[in-house]
4 protein chains.
Amino acid sequence: MIRFENDYTEGAHKQILKRLIETNEEQTPGYGVDEHCEKARAYIRKECDAPNADIHFLVGGTQTNTTIIASILRPHQGAVSATTGHIAAHESGAIEATGHKILTLPSDDGKIQAEQVKELYDAHWNDVTHEHMVQPGLVYISNPTENGTTYSKAELEALSKVCRECRLPLVMDGARLGYGLASMDSDLTLADIASLCDVFYIGGTKVGAMFGEAVVIINDALKKDFRYIIKQKGGLLAKGRLLGIQFETLFEDGLYYEISNHAVEMAIMIREAFVENGFSLRYDSTSNQQFPILPDDVILELGKKYSFSFWEKVDATHSAMRFCTSWSTKKEHVEMLVEDIKATKG
Amino acid sequence: MIRFENDYTEGAHKQILKRLIETNEEQTPGYGVDEHCEKARAYIRKECDAPNADIHFLVGGTQTNTTIIASILRPHQGAVSATTGHIAAHESGAIEATGHKILTLPSDDGKIQAEQVKELYDAHWNDVTHEHMVQPGLVYISNPTENGTTYSKAELEALSKVCRECRLPLVMDGARLGYGLASMDSDLTLADIASLCDVFYIGGTKVGAMFGEAVVIINDALKKDFRYIIKQKGGLLAKGRLLGIQFETLFEDGLYYEISNHAVEMAIMIREAFVENGFSLRYDSTSNQQFPILPDDVILELGKKYSFSFWEKVDATHSAMRFCTSWSTKKEHVEMLVEDIKATKG
Amino acid sequence: MIRFENDYTEGAHKQILKRLIETNEEQTPGYGVDEHCEKARAYIRKECDAPNADIHFLVGGTQTNTTIIASILRPHQGAVSATTGHIAAHESGAIEATGHKILTLPSDDGKIQAEQVKELYDAHWNDVTHEHMVQPGLVYISNPTENGTTYSKAELEALSKVCRECRLPLVMDGARLGYGLASMDSDLTLADIASLCDVFYIGGTKVGAMFGEAVVIINDALKKDFRYIIKQKGGLLAKGRLLGIQFETLFEDGLYYEISNHAVEMAIMIREAFVENGFSLRYDSTSNQQFPILPDDVILELGKKYSFSFWEKVDATHSAMRFCTSWSTKKEHVEMLVEDIKATKG
Amino acid sequence: MIRFENDYTEGAHKQILKRLIETNEEQTPGYGVDEHCEKARAYIRKECDAPNADIHFLVGGTQTNTTIIASILRPHQGAVSATTGHIAAHESGAIEATGHKILTLPSDDGKIQAEQVKELYDAHWNDVTHEHMVQPGLVYISNPTENGTTYSKAELEALSKVCRECRLPLVMDGARLGYGLASMDSDLTLADIASLCDVFYIGGTKVGAMFGEAVVIINDALKKDFRYIIKQKGGLLAKGRLLGIQFETLFEDGLYYEISNHAVEMAIMIREAFVENGFSLRYDSTSNQQFPILPDDVILELGKKYSFSFWEKVDATHSAMRFCTSWSTKKEHVEMLVEDIKATKG
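Residues numbered from 1 in each chain as written. Chains lettered and ligands numbered in written order. Predicted model: local features only at pLDDT ≥ 70, side-chain atom pairs only at ≥ 80, totals over all residues. Heavy atoms only, no water.

(A) Broad picture of helix α12 (residues 255-276) of chain B. The end-to-end C-alpha distance of α12 of chain B, which contains 22 residues, comes to 31 Å, matching closely the 32 Å that a straight helix rising 1.5 Å per residue would cover. One or two residues past the end of α12 of chain B sits G278 of chain B, with phi positive at roughly 90°. (Helix = DSSP H or I, 4+ residues; strand = E, 2+ residues; numbered from the N terminus. Expected span 1.5 Å × (residues − 1).)

(B) Layout of the sheet that holds strand β3 (residues 77-82) of chain B. All names here are of chain B. Spatial strand order, β2-β8-β7-β6-β5-β3-β4: 7 strands in an open sheet with mixed pairing. Pairing within the sheet leaves two strands with one partner each, and these edge strands are β2 (54-58) and β4 (102-105). Neighbour-to-neighbour, the strand axes of this sheet turn through a mean angle of 25°, independent of strand direction. Its contacts with the sheet put helix α3 (residues 61-72) on β2, β3, β5 (135-142), β6 (170-173), β7 (199-203) and β8 (213-217), and the angle it makes with β7 is roughly 170°. Of the strands in this sheet, β3, β4 and β5 are in contact with helix α6 (residues 114-126), which crosses β5 at around 165°. (Pairing = 2+ DSSP bridges. Axes fitted to C-alpha atoms, helices over the stretch in contact; angles between N-to-C directions. Contact = heavy atoms within 4.5 Å.)

(C) Summary view of the interface of chain C and chain B. Between chain C and chain B, the contact holds 21 residues from the first and 21 residues from the second. Between chain C and chain B, roughly 2000 Å² of surface is buried when both sides are summed, and carbon and sulfur atoms account for 49% of that area. Counting the surface chain C buries against chain B, the share from its top three residues, E131, H132 and Y228 of chain C, is 36%. At the junction of chain C with chain B, the criterion picks out 2 salt bridges. Close ionic contact of E131 of chain C with R227 of chain B constitutes a salt bridge, the shortest N to O distance being 2.6 Å. (Buried area = accessible area lost by both parts, 1.4 Å probe. Salt bridge = Lys/Arg side-chain N within 4 Å of Asp/Glu carboxyl O.)

(D) Focus on the UniProt feature "domain: Aromatic amino acid beta-eliminating lyase/threonine aldolase" (unreviewed entry) in chain A. In the numbering adopted here, UniProt assigns the feature "domain: Aromatic amino acid beta-eliminating lyase/threonine aldolase" (unreviewed entry) to residues 30-239 of chain A. Here residues 30-239 of chain A is 37% helix and 18% strand, with 5 Å between the C-alpha atoms at its ends. (UniProt positions renumbered as here; feature names shortened; annotations may be inferred.)

(E) Representation of the relation of the copies chain C and chain B in the model. Under the fitted operation, chain C is carried onto chain B by 0.0 Å of movement along the axis and a turn of 180°, and the coordinates agree to an RMSD of 0.0 Å. Such a turn and shift between the copies fits a two-fold axis. Distance from the rotation axis, computed per C-alpha, reaches its smallest value in chain C at R74 of chain C: 3.7 Å. The fraction of interface residues of chain C whose copies in chain B are also interface residues reaches 100%, indicating that both copies meet through the same surface. (Least-squares fit on C-alpha atoms with pLDDT ≥ 70 in both.)

(F) Quick look at the relation of the copies chain C and chain D. At an RMSD of 0.0 Å, chain C and chain D line up after a rotation of 180° and a shift of 0.0 Å along the axis. Of the residues that chain C buries at the interface, 100% are likewise interface residues in chain D, meaning the two copies contact each other through the same surface.

(G) Representation of the environment of R41 of chain B within the structure. All names here are of chain B. Along the polypeptide, R41 turns up in helix α2 (residues 35-47). Sequence separation between R41 and G244 is 203 residues; the distance between their C-alpha atoms is 7.9 Å. The residues contacting R41, other than those within four sequence positions of it, are G32, I55 and F57. Separated by 2.8 Å, the side chains of R41 and E38 make a polar contact. (Polar contact = N/O pair within 3.5 Å; in protein donor to acceptor, adjacent residues only side chain to side chain.)

(H) Here's a closer look at the interface of chain C and chain D. At the junction of the two partners, chain C supplies 47 residues and chain D supplies 47 residues. Of the roughly 4000 Å² buried between chain C and chain D, counting both surfaces, carbon and sulfur atoms make up 52%. On the chain C side of the interface with chain D, the three residues burying the most area are Y8, Q27 and K239 of chain C, jointly 18% of the side's total. On the surface where chain C and chain D come into contact, there are 2 salt bridges. For K330 of chain D, the salt bridge is made with E25 of chain C, and the minimal N-O distance between the two is 3.0 Å. Counting only elements with at least two residues in the side of chain C that touches chain D, the list comes to β1 (2-3), α1 (14-22), α3 (61-72), α5 (94-97), α10 (226-232) and α11 (241-252) of chain C. In terms of residue class, the side of chain C that touches chain D is made up of 20 nonpolar, 16 polar and 11 charged. (Nonpolar A, V, L, I, M, F, W, Y, C, P; charged D, E, K, R; others polar.)

(I) A look at the pattern of salt bridges. Under the criterion given, the structure shown has 84 salt bridges over all chains. Of the charged contacts, one joins E96 of chain D and K101 of chain B as a salt bridge, the two residues approaching to 2.6 Å between their closest N and O atoms. Of the two residues, E96 of chain D is situated in the loop between α4 (86-89) and β4 (102-105) and K101 of chain B in the loop between α5 (94-97) and β4; the pairing between them involves two chains. Accessibility classification places E96 of chain D together with K101 of chain B in one group, the buried group. Of the charged contacts in the structure, one is a salt bridge between E301 of chain D and K304 of chain D, with a shortest N-O distance of 3.2 Å. What makes E301 of chain D partly exposed here is its relative accessible area of 44%. Among the ionic contacts, a cluster of salt bridges with common partners joins K18, R19, E22, E248 and E252 of chain A. (Buried < 20%, exposed > 50% of the residue type's maximum accessible area, 1.4 Å probe, protein only.)

Structure follows, in C-alpha cells:
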C-alpha cells in the first residue's frame with residue numbers, strides 16, 4: 001500500500017533526523033530556553049522580517065490553535081472561522097473546551113473573505129441584543145485551507161485591513177504553511193504574513209519535522225504571559241530543544257521551502273493526471289492536497305494499491321477523495337500513481 | 001557545566017534513536033492506530049498482567065494528567081491530591097482550566113495516606129452543606145512523588161482499598177515510574193500497580209524516550225471515549241507511531257527497567273556521598289532525585305561545575321537542592337561529583 | 001407606550017404577589033428544602049404524572065439551560081440544537097463557557113425533526129474521524145420554540161424515539177411552556193412531555209411568576225448530584241422558598257393553565273387582526289408570540305403607540321416584527337392594538 | 001422553632017415588598033435598563049461618592065463572585081483568597097468551573113493582610129518556574145468575612161496599596177456588607193470602600209431585599225463588556241427592574257443602614273449574653289454573625305427552641321455554633337434567646 005491518505009505518514013526529513021542524532025547527548029535546560037530554540041527563533045524572525053516577534057514552539061496543531069485562541073479571547077468572545085476551519089470541524093471541541101464559541105462563516109473552498117468578516121462584525125454590533133450573543137473576538141483562517149486553497153496577498157491584505165478596523169486579531173493556522181507558500185497560486189511570503197497577521201504558526205509536523213509548530217506573535221498586545229498558557233494547555237515540551245533543533249534545521253538553509261516545493265510539485269503531477277484524464281476537482285487546489293471527484297469503480301481500483309481519504313459523497317456514484325503529498329512523497333510513487341490514473345477510464 | 005538539574009537534559013536513549021531512524025521511512029496511518037502502537041500496547045499489557053487494559057500514548061505529563069482527570073470527573077467534582085502534587089503545584093492551573101478544583105491534603109514527603117483520603121471523604125459527606133462544596137471525585141498520587149519518595153505495596157493497597165470503598169478512582173502519575181520501581185524501597189511491580197490503580201501512566205519523557213507517556217486504563221468504566229478527550233486536550237499526536245516505536249523499544253526487552261536501574265544507581269552514589277560527608281537530606285528518597293540540604297558556600301562551590309535546582313530555603317544559610325539522575329547520566333560525571341562532594345566541608 | 005415587546009414587562013401575577021406577601025414572615029430553611037418547595041414539587045409531579053421525578057427550582061432560563069446541559073454532558077460531547085435555539089443564539093456562549101459545542105441543525109420555524117437528529121447521529125458515527133469531532137451528547141429543543149411554533153405529540157414522539165435509540169437525552173426548554181400547551185395547535189400535556197423527555201423545565205418567569213423555572217428530571221440516570229451543579233452554576237437561590245411559593249401558587253389550582261390560555265387568546269386576536277388585514281406571518285405561531293411581516297410605514301405608525309421587537313428584515317421595505325402577549329396582557333390594550341392594525345393599509 | 005441559622009430565613013423587608021406591589025403593573029423594558037435600575041444606580045453612585053462607577057444588579061452571591069472573577073482574569077491567573085473565603089470553601093467550585101484556581105492564604109478570622117498578599121506575589125515572581133504556576137490575578141476579600149470579622153480602614157488601605165503596587169485588582173464580596181458597615185469595629189464607609197477597591201458588591205439578599213446584589217465597578221479597566229459576562233453566567237435577570245426597585249428602596253432613604261444597624265444590635269445582644277454567661281467566642285465578631293463555643297448539653301438545650309448552625313468541633317464536648325441575625329430578626333425573639341442563654345450553666 002502506497003500512502004497518500006495524509007501528510008504525516010512518515011517520520012521526519014533525514015536532515016532533521018541527522019541533527020537530532022548529532023545533538024542527542026548535548027545537555028540543555030528544558031522548556032524551550034536552550035540555544036537551539038534561540039537560534040531557531042532568530043532564523044524565523046529573520047525570515048519573517050519581524051525582529052520583535054515572539055516565537056514559541058509547540059508540539060501539534062490542535063494544541064497550538066487552542067493555546068493561541070485561549071490566550072487572546074475574553075470569556076464572552078468567540079473565534080470567527082470558516083465552517084470548514086480545523087478548529088470548527090476537527091478538533092473535538094478543543095476551543096469550546098476552553099469556553100469559547102466558534103462563530104462560523106459559510107465557505108465552500110475553505111477561505112473567508114474580508115466582507116464576510118465585516119458583515120458578521122456589523123451584524124453583531126448593530127443588533128440591539130448583542131450582549132446576549134457571543135462577541136467576535138478574533139478571526140481564524142488556515143493557509144493553505146483544509147481544502148488546499150490559498151489566500152492571495154490581495155485577499156489577505158483585505159482581511160487584515162478589516163480585522164484591524166474591527167480590532168479583531170487575525171490568526172493564521174499554518175499547519176501546512178510551507179505547502180501554501182509553495183503553491184503557484186500564492187504570492188505571499190512569510191514576511192507578508194508577518195506584516196498582515198497578528199499571530200500565526202509555521203507548521204512543522206506536516207512539513208519535514210517529526211513534530212512541532214512554531215508560533216509567531218507579531219502583535220505586542222498578544223505577547224504577555226503566553227508561556228503560562230502553553231504550560232496550562234499541555235504544550236510546554238520538557239525537552240523543548242527537540243523543537244528548536246528541528247526548526248533550526250528547517251530554516252537555517254531553506255530546507256523548509258525546498259521540501260515544500262517538492263511536495264507541491266508531486267501534488268501538481270497528481271492533479272494534472274486526474275484533470276487530463278477527465279476527472280473534475282472538488283476544489284481548485286494548487287497546494288499539497290488534491291481532491292479529485294472519482295467514480296466508485298475508480299476509487300475501488302486505485303484503492304487496491306494506494307491509500308487516500310474519503311472526502312465527501314458527490315452523487316450516487318461519485319465521491320471526492322483526498323490525495324496528499326508531503327516532503328516525504330517519493331517521485332516514483334507519484335509516477336506510478338499517475339500511470340494508474342491514466343489507465344482508468346475517466 | 002554538568003547538568004543534574006532535571007531528568008530531561010538529553011535527547012533519547014540511543015536504542016530509541018536507532019529505532020526511530022530504522023522506522024523513519026515506514027508509512028503508517030496516523031493518530032496511534034499503527035502497528036508499532038499495537039505492539040507497544042501488547043508489551044505493556046503483558047508487563048502489567050492486564051490483558052484488558054486500554055493503552056493510549058500521549059506526549060507529555062501535564063497533558064496526560066489533564067486528559068485523564070478531565071475524562072473522569074463530572075463538573076462538581078475535584079481531584080484529591082497532596083499539596084505537593086504536580087497537578088496542584090506545577091501545571092499552571094491546567095486542571096482548574098478544565099473546570100475542576102484540586103482538593104489538597106497536607107504532605108511533607110509528597111505521599112498521601114489512606115486515612116487522609118478517608119477523612120476528607122467522610123468530612124465531605126458528613127457536612128450538611130456538602131452540596132456547596134466540591135465533591136471528591138478521584139484520588140491523584142505520584143509515584144515516585146515529586147520529592148523522590150515511593151509508595152510501598154502496603155501503602156498502595158491501603159489507598160486502593162479506601163478508594164474503592166469510597167468509589168474514588170485512584171490515578172497514579174508515573175512520570176518517573178521507572179525510577180520508582182527501581183528504588184530499593186519499592187516492592188511494587190507494574191502488575192501490582194495495575195491491580196491497585198484505576199488509571200496510571202508510565203512515563204517515557206524522563207525515562208529514556210525522546211518524549212511520551214503511556215496511559216494504562218484498567219477500570220472499564222473509565223475507558224469510554226478516551227480518544228476524544230485526548231484529541232480535545234491536544235494530545236493526539238499526528239505521527240502517533242513515534243510514541244508506539246518508543247514504548248515498543250522500552251518494553252520489548254526490559255530496556256525500561258535497565259535504564260531506570262542505572263539512574264537510581266547513580267542517584268544512590270550521589271546520596272551516599274552527601275550523607276557520608278555529613279549533609280542531611282530533605283526527603284528520604286531512594287529514587288532518581290536527591291535533595292541534600294547544603295550550606296550556601298557548598299552550593300556556590302558545586303554550582304561552578306554542576307547545574308542542580310534550588311528546592312527550598314531551610315534556614316538562613318542552608319537550602320535544599322535537587323540533584324536528578326536519569327537514563328542518560330554518565331557514571332564518570334557522577335564519580336566526579338562524588339569526589340567534589342567529598343572535597344567539601346560537610 | 002403599550003408594551004408588546006416581550007413577555008416579561010410586568011412583575012408577577014397578583015395571586016403570586018399575594019402569596020409572597022402572606023408568607024413573607026415565615027421562617028424557612030434556605031436553598032429549596034422548605035415546605036413550599038416540597039408542596040410545589042408534589043403538585044408538579046402530579047401534573048406530570050411522574051411520581052419519581054426530581055424537581056429543582058432555578059431563577060432564570062439561561063442559568064437553567066446551562067445547569068442542565070453541564071450536568072449531562074461529558075467534555076467531548078455537544079448539545080444538538082436548532083440553529084435558532086436559545087442556547088445557540090441568545091445566551092452569550094453560556095453553554096460553550098461550560099466547555100461544550102452546540103451542534104446545530106438548520107431550522108426555519110425553530111423546530112427540529114426526528115430525522116435530522118438521526119442523520120446527524122449517523123453522520124457522526126459513520127465518519128471514520130469521529131473522534132476528531134464533537135460527539136452528540138443530548139438533544140435540546142424549545143417548546144414553544146423561539147419562533148412561537150409548537151411540537152405536535154406525533155413529532156415529539158418521533159424525536160423521543162430517535163433520541164432513545166441513539167441514547168441521547170432529550171431536553172426541553174420550556175421557558176414559555178404554558179403558552180405552548182395553550183396553543184390550539186398543541187395536543188401535548190405535561191404528562192406527555194414527562195413521558196417523552198428526559199429533562200425539561202416549566203417556565204415561570206414569562207408565565208405569571210416574578211421569576212423562576214422548575215426543572216423536571218425524569219431520567220433516573222440524570223438525577224445524581226444535580227444540586228451541586230445548580231450551586232456551582234450560581235442558581236441555588238438562598239431564599240429558595242420564593243420559588244416554591246410561586247410554583248405552588250401556579251400549580252395548586254390550575255393558575256398556570258388559566259393565565260397561559262389568556263395570553264394565547266390575546267395573541268390570537270393580534271394574529272387574526274394582522275391576517276385579516278392582509279399581512280402575512282413570518283412563522284405560523286399559535287402561541288403567545290406573533291411575527292407579522294409589516295411594511296416600514298406600518299411599523300413606524302404602530303411604533304408610536306406600542307413597543308414590539310424587530311425580528312428580521314424581509315425585503316427592502318418590509319420586516320418581520322415580534323408581538324408578545326403574556327399573563328399580564330390587558331384585553332383593552334389588545335383591542336386597541338387590533339383597531340389600530342385594522343386602521344392600517346395592509 | 002425560632003430561626004437564627006442564617007440571615008435569609010424570611011422573605012423581604014416590608015418596605016421592599018410594598019414597592020414591588022406598587023410597581024407590579026408598570027411596564028418596563030427587560031434586563032436592567034429600566035428607570036428603577038437607573039435610579040438605584042444613581043443612589044448607589046452617590047452613596048459611594050463614585051459618579052463614574054458602573055453598577056450592575058445580579059441575583060445571588062455565588063453568581064456575582066463568579067461573574068466578577070471570570071470577567072477580570074486571564075486563563076492562567078487565579079484569585080487570591082483566604083482559605084475561609086466563600087469562593088474557596090462554599091461555592092461548589094464555581095470559580096474553578098470558569099477555569100481559575102483559587103490561591104489560598106491561611107486565615108483564622110477570615111481576613112487576609114497586606115503582607116500576606118505581598119509575600120504570595122513576591123514568591124510567585126521570584127520563583128524561576130513561575131510560568132509553571134498559576135499567576136495571582138486578583139485579590140478577593142469578604143467584608144464582613146464569613147466569620148463575622150471586619151476590615152478596619154487601615155487594614156483595607158494597606159491591602160489596597162499592596163494590590164495597586166502589584167497590579168492586582170482588589171475585589172470585595174459584600175454579601176453582608178451592611179452588617180459590616182454597621183459593626184462598631186468598622187470605621188469604613190461605602191465611599192471608603194469605593195476608593196480602595198476595584199470592584200465590590202453590596203449585598204441585598206441578606207440585608208432586606210428578597211434577593212439581589214449590586215456590583216460596583218470602580219476601575220475603568222474592568223468595566224468593558226461586563227453585561228455579556230453577566231448574561232453568559234446566567235445572572236441577567238429578565239425582569240431586571242425587580243432588582244432596581246429593591247436597591248432603589250434600600251438606598252433612597254437610608255433603609256439599608258437602618259436595617260443593618262438593627263441586625264447588628266440584635267447580634268450584640270446575643271453576643272453579650274453568651275459572654276456574660278461565660279462562654280467564649282470562636283471569632284471576635286461584632287457584625288451579624290456570632291460564633292459562641294458551647295458545650296454539647298447547652299447546644300442540645302437551646303436547639304429545642306432555636307435553630308442555629310454547627311460551625312466546627314472545638315474539643316470532645318464543645319463546638320462552635322453560628323447564630324445569625326438579620327433585618328428581620330425580632331427583638332422579642334432575641335430577648336427570649338438571651339433569657340434562655342442566661343438560664344444555661346455557662
